[in-house]
Amino acid sequence: MKHIGILAHSADGAALCFLEMVREGARRLGAHQHPEITLSVLPMGAVLEAYDRGDLATVNAHLQRTCQRLAQAGCDFYACPDNTAHIAIDAATVAFPIPGLHIADIVAEKALSEGRRRVAILGTRWTMEGPTYPAAFARAGVGLVAPEPDERALIQRVIFDELCQGVITGASRADYVRIIERMKRDGCDAVALSCTEIPLLITPEVSPLPTLDSTRLLAHAAIARALT
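Description of the structure in this document. Owing to the predicted nature of the structure, the values given are computational and were not obtained by experimental measurement. (Residues numbered from 1 in each chain as written. Predicted model: local features only at pLDDT ≥ 70, side-chain atom pairs only at ≥ 80, totals over all residues. Heavy atoms only, no water.)

1. Some remarks on the overall build of the protein
And step 1. From N to C terminus, the protein includes ten helices and eight strands.
And step 2. Its C-alpha atoms give the protein principal-axis dimensions of roughly 50 × 45 × 35 Å.
And step 3. Counting all 228 residues of the protein, 52% fall into the buried class.
And step 4. Partitioning the intrachain contacts of the protein with sequence separation of at least 6 by distance along the chain shows that 75% fall at a separation of at least 24.
And step 5. In the protein, which carries 22 positive and 26 negative side-chain charges, the distance between the mean positions of the two groups comes to 3 Å. (Helix = DSSP H or I, 4+ residues; strand = E, 2+ residues; numbered from the N terminus. Buried < 20%, exposed > 50% of the residue type's maximum accessible area, 1.4 Å probe, protein only. Contact = heavy atoms within 4.5 Å. Lys, Arg positive; Asp, Glu negative; His and termini not counted. Charge placed at Lys NZ, Arg CZ, Asp CG, Glu CD.)

Spelled out as structure tokens, the structure:
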């Protein structure tokens, strides 16, 4: 089995992805069994302003430091459970020391396999407005729709002020459900939960649309790769 590296960026989503890897490993291999997993994370706060000013080189240097630790730990590949980080990874001019999975491609391929035609995307402002997800969905031939500007602002606020701080509220869940319901009325047939913290708030049981859970899809893809 291959050694999985989790290139963490935001802690809560990375922790959820780690747990799902363990659970998926057990589902495939039996109770208490899974591939070796190493998680490394540097504090995300150091580069949030770099995202705001579009300084992806600084973000990449930060992510490269984490990935180097995974390489030194003997990981065969990395999974980065942070959708926004992939904007920087896509813009990298220096190769990362070990290969990685691409979360947006994994979500887009799942949408295609399910026959989705028009997918709503929820994530950070940078993910919803950036190039990574539109490019991945274009490669898959699946439509992608971002929320309205005021909805994007609300989604961003909840992610950073609440979900990344371990705060889960019914009021924010209701706000997200309202946005998903509105996008369903506008013709979306699924919603991509493209911030790895959002599945802590929105589950299939409460979502008005079928969910494409980027956290769990990435975890399952990592386990599948580790077992090949």
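Don't stop here, the text continues.
2. Observations concerning the nonpolar core
And step 1. Counting residues in each nonpolar core, the largest one holds 42 residues, and the members touching the most others are Leu7, Leu63, Tyr78, Leu122, Ile159, Tyr176 and Ile198.
And step 2. Contributions of two or more residues to this core are made by α2 (48-52), α3 (56-72), α4 (85-90), β5 (118-122), α6 (125-129), α8 (149-161), α9 (170-185) and β7 (190-193).
And step 3. Considering every element that reaches this core, the biggest residue donor is α8, with five residues.
And step 4. Non-local contacts of isoleucine 198, meaning those with residues more than four positions away in its chain, are made with Leu122, Gly123, Ile159, Leu163, Tyr176 and Leu193.
And step 5. In this structure, Ala104, Ala111, Tyr133 and Ile223 belong to the second largest nonpolar core, which totals 33 residues. (Core = buried A, V, L, I, M, F, W, Y, C linked by side-chain atoms within 4.5 Å.)

3. With respect to α8
And step 1. Under the 1.5 Å per step criterion, the end-to-end length of α8 is 18 Å for 13 residues, consistent within 8% with the ideal 18 Å.
And step 2. Every buried residue of α8 is listed here: Glu151, Arg152, Leu154, Ile155, Gln156, Val158, Ile159 and Phe160.
And step 3. Elements in contact with the buried residues of α8: α2, β5, α6 and α9. (Expected span 1.5 Å × (residues − 1).)

4. Side note on the side chain of glutamate 162
And step 1. Positionally, glutamate 162 belongs in the loop between α8 and α9.
And step 2. Not counting chain neighbours up to four residues away, the residues in contact with glutamate 162 comprise Arg157, Val167, Thr169 and Ser172.

5. Re the pairing of β7
And step 1. With burial as the criterion, each face of β7 is covered, one bearing Ala190 and Ala192 and the other bearing Val191 and Leu193.
And step 2. Taken together, the three bridges between β7 and strand β8 (residues 211-213) define a ladder with parallel strand orientation. Bridging across to β8, valine 191 finds its partner in threonine 211. (Pairing = 2+ DSSP bridges.)

6. Regarding the sheet that holds strand β1 (residues 4-8)
Working definition: the strands of a sheet are paired by backbone hydrogen bonds and lie parallel or antiparallel to each other.
And step 1. Read from one edge of the open sheet, four strands run β2-β1-β3-β4, paired in parallel fashion. Taken across any chain shown, the strands that pair with only one partner, and hence form the sheet edges, are β2 (37-41) and β4 (100-101).
And step 2. Set on the sheet, α3 makes contact with β1, β2 and β3 (77-79); between it and β1 the angle comes to about 160°. (Axes fitted to C-alpha atoms, helices over the stretch in contact; angles between N-to-C directions.)

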